[in-house]
Amino acid sequence: MYWYAMKSHDIRRNLATEQYLMNNKQFDEPLVLFYYEGPCIIVGRNQNTLEEINQKYVEENNITVTRRLSGGGAVYQDLGNLCFSFVVDSDSEEFGDFKSFVQPVVDALHDMGATTAEVSGRNDILVDGKKFSGNAMYSHSGKTFSHGTLMLDVDQDVIAHALNVPADKMKSKGIKSVRSRVTNLKPYLAPEYQNLTVPEFRDTLLKELFHVDSLDAIQDKEVQINDDEQSAIDEIFNQYYSNWDWVYGNSPEFTVKKRQHFTAGTIDARLLVEGGKIKNIKFYGDFFGPSDVTELATKLEGVRYDREHVGAVLNAADTQKYFNGIDVNDVLDLLVD
């Protein structure tokens, strides 16, 4: 194999690098990639981003959100998680055969003490019946990559908040994530491995995969990226992973129903969102206001469905004309939280 350990801790740049290496580099042997990044959520290619994330929590905690090329469900990662990716010729492995891809990693983990680690179900790796790794796959132009997570020491409290969206508030045709019992791998490793940092864990896995005692022994297998290639990666970063249209606008059409009683009346809002923007919105309820609320609905059509853009419209519109006695921030919370 060849190998590359990414220098960036930005999931968007790392996914761009993975995409570039898959599509533009020619290898006569498989390639294994390792990368880790700051707090982020990665949604699957066919998912509705807003249906998978707790948007308010994500914004308040500066969690990066992006969409990947591969299918599957949404995952949360932080600097306690290590990602791996195998890139091979498409004819060398059957698409969807996750076990063949991840078995070398599982074998390495067995050698590190996690003897109960096993591939389970469609695309998970479990230890003692709990999930610590989810995997996804993508093929293009004769190449396939299978990438996955390894939760070494992830903040699981954040997972519960960042990916917690009430199921009754949104309905879409996007592929829904399946929540599983998750755990960190760290407690299951042999004592001599339990205090490894993520980069130390990465390097140990590399040595296990290549059956060497030192990374110096495989330096000739390390991939190098030159300045021109880095520029091409930057273009992919801008075109896809940091692009609002790819991350949010690529979401399928979905409907939202929000209803809340306030002292000054009840607001029942029904929204149709397409391409991440409000296509249609209707307000119902027993609220009072001197102006016709359809005026506000018209102002909101075509607006990005997020707190920043909806809030800008509400603040500019003087919502007291439509919802007398109800604070504009309460209306905003109702619509987007």
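Note that the structure is predicted; figures quoted are calculated from it, not measured.

What counts, and where the lines are drawn
- Residues numbered from 1 in each chain as written.
- Predicted model: local features only at pLDDT ≥ 70, side-chain atom pairs only at ≥ 80, totals over all residues.
- Heavy atoms only, no water.
- 1 Å grid on protein atoms, 1.4 Å probe; cavity = no way out; pocket = protein on both sides within 12 Å on 5 of 7 lines; lining within 4 Å.
- Points joined across faces, edges and corners; volume = space filled by probe spheres on them.
- Nonpolar A, V, L, I, M, F, W, Y, C, P; charged D, E, K, R; others polar.
- Domains from an automatic or database assignment.
- Axes fitted to C-alpha atoms, helices over the stretch in contact; angles between N-to-C directions.
- Helix = DSSP H or I, 4+ residues; strand = E, 2+ residues; numbered from the N terminus.
- Left-handed = near helix turned anticlockwise from the far one by under 90°.
- Contact = heavy atoms within 4.5 Å.
- Pairing = 2+ DSSP bridges.

Engineer: Sorry, what's going on with empty space enclosed by the protein here?
Structural biologist: Taken as a whole, this structure holds one cavity of 30 Å³ or more when the rule is applied. Here the largest cavity is characterised by a volume of approximately 30 Å³. For the largest cavity, the full set of lining residues is L50, Q55, W244, Y248, G276, R304, Y305 and D306. Taken together, the residues of the lining of the largest cavity sort by class into four nonpolar, two polar and two charged. No fewer than three residues from each of domain 1 (2–248) and domain 2 (256–336) sit in the lining of the largest cavity.

Engineer: Explain the layout of surface pockets to me, please; I cannot follow it from the model alone.
Structural biologist: Over the atoms a probe the size of a water molecule is rolled, and this reveals where empty space is left. For the second largest pocket, the calculated volume is near 300 Å³. Around the second largest pocket sit 16 residues that line it, and I63, V65, W244, V247 and Y248 are the ones nearest its centre. Here the residues of the lining of the second largest pocket sort into eight nonpolar, five polar and three charged.

Engineer: What should I look at first to understand the packing of helix α1 (residues 11–24) against helix α7 (residues 227–241) in this one?
Structural biologist: Packed helix pairs are characterised by how far apart their axes lie and by the angle those axes make with each other. Across the interface, α1 lies against α7 with an axial gap of 8 Å and an inter-helix angle of 120°. In the crossing of α1 with α7, the sense of the turn from one axis to the other is right-handed. Contacts between α1 and α7 involve R12, R13, L15, A16, T17, Q19 and Y20 from the former and E229, Q230, A232, I233, D234, I236, F237, Y240 and Y241 from the latter. Residues that form the contact of α1 with α7 fall into these classes: nine nonpolar, three polar and four charged.

Engineer: Looking at this model, I keep getting lost on the sheet that holds strand β8 (residues 124–127). Mind explaining?
Structural biologist: Sheet strands line up and pair through hydrogen bonds in the backbone, either parallel or antiparallel. Within the open sheet, the seven strands sit side by side as β1-β2-β6-β10-β9-β8-β7. Their pairing is mixed. Two strands close off the open sheet at either side, each with one partner strand: β1 (2–5) and β7 (118–120). Each strand axis lies, on average, 20° off the axis of its neighbour in the sheet, ignoring direction. Examined bridge by bridge, strand β9 (residues 130–140) and strand β10 (residues 143–151) share six bridges and lie antiparallel to one another.

Scope: geometric values only; no functional claims are made or implied.
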